[in-house]
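A closer look at the structure
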Amino acid sequence: MSRTCPWRAAAAVLATTVLLALAPPAGADSASDEARVLSLIQQVRTSVGAPALPVDATLTSVARDWAAKMARDGTISHNVGVGSRVSASKLSENVGMGPSIDVVHQGFLNSSGHRANMVDTGVNAVGVGVAWANGTVYVVQDYAKLNGTATPPPPANRPPAVPTQLSPAKDAVLRTATTTAQAVYSDPDGNPGRIYFAVVDEKGKVVREVWSPTVCSGCVAAVTFAALTDGFYWLSTVAHDGAAFSAVPAPPLFIVDRSAPTPPAGLKRSGTTVTGTYSDPDGVAGWLYVYVFDAKGAVVAQGWTARVCSGCTATYSLPALAGGTHHIYAFAYDGLLSSLAGPTSFGV
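Residues numbered from 1 in each chain as written. Predicted model: local features only at pLDDT ≥ 70, side-chain atom pairs only at ≥ 80, totals over all residues. Heavy atoms only, no water.

1. Focus on the overall build of the chain
Filter applied, for reference: A run of H or I in DSSP counts as a helix once it spans at least four residues, and a run of E counts as a strand once it spans at least two, with each numbered from the N terminus. Burial status follows relative accessibility: with a 1.4 Å probe on protein chains alone, a residue under 20% of its type maximum counts as buried, one over 50% as exposed, and anything between as partly exposed. Note on definitions: a residue-residue contact is assigned when non-hydrogen atoms from the two residues lie within 4.5 Å. The protein chains shown are the only cover counted for residues, whose accessible areas, like all others here, come from Shrake-Rupley with a 1.4 Å probe.
Within the chain, the secondary structure is distributed over 5 helices and 18 strands. Counting the 348 residues in the chain, one finds 42% classified as buried. Here the contacts in the chain between residues at least 6 apart in sequence split such that 66% fall between residues at least 24 apart. Accessible surface computed for the chain: about 16,000 Å², of which carbon and sulfur atoms make up 56%.

2. Examining the side chain of Thr-136
Among the secondary structure elements, Thr-136 is positioned in strand β3 (residues 136–146). Owing to a relative accessible area of 11%, Thr-136 belongs among the buried residues under this scheme. Leaving out residues up to four positions away in the same chain, Thr-136 has contacts with Met-97, Gly-98 and Ala-131.

3. Considerations on the state of the cysteines
Put simply, the test is: To count as a disulfide, a pair of cysteine sulfur atoms needs to be within 2.5 Å.
Enumeration according to the criterion identifies 2 disulfides in this entry. Each sulfur in the disulfide pair Cys-216 and Cys-219 lies 1.7 Å from the other. Classification of Cys-219 by relative accessible area gives partly exposed; the value is 24%. Here Cys-309 connects covalently by a disulfide to Cys-312, the sulfurs 1.7 Å from one another. Note on Cys-309: relative accessible area 40%, which makes it partly exposed. Cys-312 sits in the partly exposed class, given a relative accessible area of 25%. Numbered by position along the chain, the disulfide-linked cysteines of the chain connect as 1-2, 3-4.

4. Comments concerning empty space enclosed by the protein
Worth spelling out the cut-off: The rule is simple: put a 1 Å grid over the protein atoms alone, call a set of points where a 1.4 Å probe fits but cannot get out a cavity, call an open set with protein on both sides within 12 Å along at least five of seven lines a pocket, and count a residue as lining if it has an atom within 4 Å of a point. Grid points are joined across faces, edges and corners, and a volume is the space filled by probe spheres set on the points. Each residue is assigned to one class: nonpolar for Ala, Val, Leu, Ile, Met, Phe, Trp, Tyr, Cys and Pro, charged for Asp, Glu, Lys and Arg, and polar for all the others, Gly among them.
Taken as a whole, this structure holds 1 cavity of 30 Å³ or more when the rule is applied. Roughly 30 Å³ of internal volume is contained in the largest cavity. Lining the largest cavity are Val-37, Leu-40, Ile-101, Val-104, His-105, Phe-108, Val-139 and Gln-141. Of all the secondary-structure elements, those providing two or more residues to the lining of the largest cavity are α2 (30–47), α4 (101–109) and β3. Counting residues per element, the lining of the largest cavity draws most heavily on α4, at 4 residues. Each residue belonging to the lining of the largest cavity can be placed in one class, and the counts come to 6 nonpolar, 2 polar and no charged.

5. What about the sheet that holds strand β11 (residues 253–256)?
Operational definition: A pair of strands is labelled paired if DSSP reports no fewer than 2 bridges between them. Angles here are taken between N-to-C directions and fall from 0 to 180 degrees, while the axes themselves are lines fitted to C-alpha atoms, restricted in helices to the stretch in contact.
Ordered by their spatial adjacency, 5 strands build an open sheet running β5-β11-β10-β7-β8, and the pairing between neighbours is mixed. Looking at which strands have only one partner, the edges of the open sheet turn out to be β5 (172–174) and β8 (206–211). Between one strand axis and the next, the sheet turns through 25° on average, direction left out of account. Relative to β11, β5 runs parallel, the two sharing 3 bridges. Each bridged residue has a counterpart across the sheet, and for Val-173 the counterpart in β11 is Ile-255.

6. Focus on the confidence of the model for the chain
Counted only if it meets this: Each residue carries a pLDDT score, the predictor's own confidence in it, on a scale running from 0 to 100.
Model confidence for the chain is summarised by a mean pLDDT of 86, while 89% of its residues fall at 70 or above. Segment residues 1–27 is flagged for pLDDT under 50; beyond a separation of four residues in sequence, or across chains, it makes 51 contacts in the model.

7. Some words on the pattern of salt bridges
Just so we agree on the cut-off: Salt bridges, as used here, are contacts in which a Lys or Arg side-chain nitrogen is within 4 Å of a carboxyl oxygen on Asp or Glu.
In the structure shown here, the tally under the stated rule is 7 salt bridges. One salt bridge in this structure joins Asp-65 and Arg-85, with 3.2 Å as the shortest N-O distance. Of the two residues, Asp-65 sits in helix α3 (residues 57–73) while Arg-85 sits in the loop between α3 and β1 (88–98), which places them 20 residues apart along the sequence. Take Asp-65: its relative accessible area is 41%, and that puts it in the partly exposed class. A residue is classified by how much of its surface remains accessible, and Arg-85, at 39% relative accessible area, is partly exposed. Note that Arg-158 is salt-bridged to Asp-189, the shortest N-O span being 2.7 Å. Taken together, the residues Arg-158 in the loop between β3 and β4 (164–167) and Asp-189 in the loop between β6 (179–185) and β7 (194–201) connect sequence positions 31 residues apart. With relative accessibility at 26%, the residue Asp-189 sits in the partly exposed group.

8. So, the environment of Arg-269
Under the convention used in this document: In protein, a polar contact requires one atom able to donate a hydrogen and another able to accept it; more generally it is a pair of N or O atoms within 3.5 Å, and residues adjacent in sequence count only if both atoms are side-chain atoms.
Tracing the backbone through its elements, the reader meets Arg-269 in strand β12 (residues 265–270). We classify Arg-269 as partly exposed; its relative accessible area is 33%. A C-alpha to C-alpha distance of 8.4 Å links Arg-269 and Thr-344, two positions 75 residues apart in sequence. Polar contacts involving the side chain of Arg-269 include one to the main-chain carbonyl oxygen of Gly-271, which spans 3.0 Å.

9. As for the pairing of strand β17 (residues 325–333)
Side chains His-326, Ile-328, Ala-330 and Ala-332 project from β17 onto a buried face, and the interleaved Thr-325, His-327, Tyr-329, Phe-331 and Tyr-333 project onto a face without burial. The sheet contact formed by strand β14 (residues 287–294) and β17 spans 8 bridges and is antiparallel. Across the sheet, the residue bridging to Trp-287 is Tyr-333, located in β17.

10. Digging into the packing of aromatic side chains
Put simply, the rule is: For this analysis, a ring pair means two rings from Phe, Tyr or Trp (six-membered ring only for Trp) whose centres lie within 6.5 Å, classed as stacked if their planes differ by under 30 degrees, edge-to-face if by over 60, and tilted for the remaining angles.
Going through the model one piece at a time under the given rule, you end up with 11 aromatic pairs. Look at Tyr-289 and Trp-304: their rings are 4.8 Å apart centre to centre, the planes differ by 75°, and that puts the pair in the edge-to-face class. Taken together, the residues Tyr-289 in strand β14 and Trp-304 in strand β15 (residues 299–304) connect sequence positions 15 residues apart. A relative accessible area of 16% means that Tyr-289 is categorised as buried.

Right, here's the structure in full:
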């Protein structure tokens, strides 16, 4: 197995490091970082007429593990155990650290041994690993002449799936002010993660928000919100695996109404008015909606009363009616839910 001494490349990289800020780029993630390293390798090979290298899953796993170890150690070193995990007749490795991937890459190019590894036509597969720690990126490139063909790896970090089986579900009516919300967390890489839950009111304002505890992939994440007043709400969710967010599903609309109003009581017609008592167990003010049918079942009058307090009498003014028997129905409505009472009959 051929190996290149890391110190010349490391010195070149570290010499450049002192000139640059040591902050990791905002939103850095392993998938895009690895893609950048691979792109730079293939560009160098193309420039000298060397064929592009297939990416191998095992080499990628080895490189990722070693990059993570170097990040924990805070220094670079070679992995002498690559041969125990890969069946190959030839192995080589580049390792480096610095403030950015491009700076590390330039350090490799400035070292004849590291550059030779990148353009070697005697290898047939590559795997790369990238890890960040304290503003420094650690890069591993493992090259091999495999005793077989390269097996492509899965992406370094596929985002978690959109949360599913949301509860409260669409059009759900909750009879309690304390709201328990839940959704299924799922990650294509099997990583654990959390779900962010937010309750949005009719005006588009976030009135409750909380992260779930970390759960396994395929498990239910659940949270409990402090009491909500009666009203219409949307449940917004997004999953996070510690590195990437999922897409956001369409938020279901749900209703919080601890109790629907009771059916209007004491419906009666007196002269040119219809009256009834509006009552709501939650003490919420509301309206009555009155329907007047004739003997044939046709609606001859309908309309809202003024809004009244719970336990108060609501009044509807009748238009002129033809003679005959009539029937009254009325809904009590608290702004969210309604209940029906009737019929009450009278003659004209």
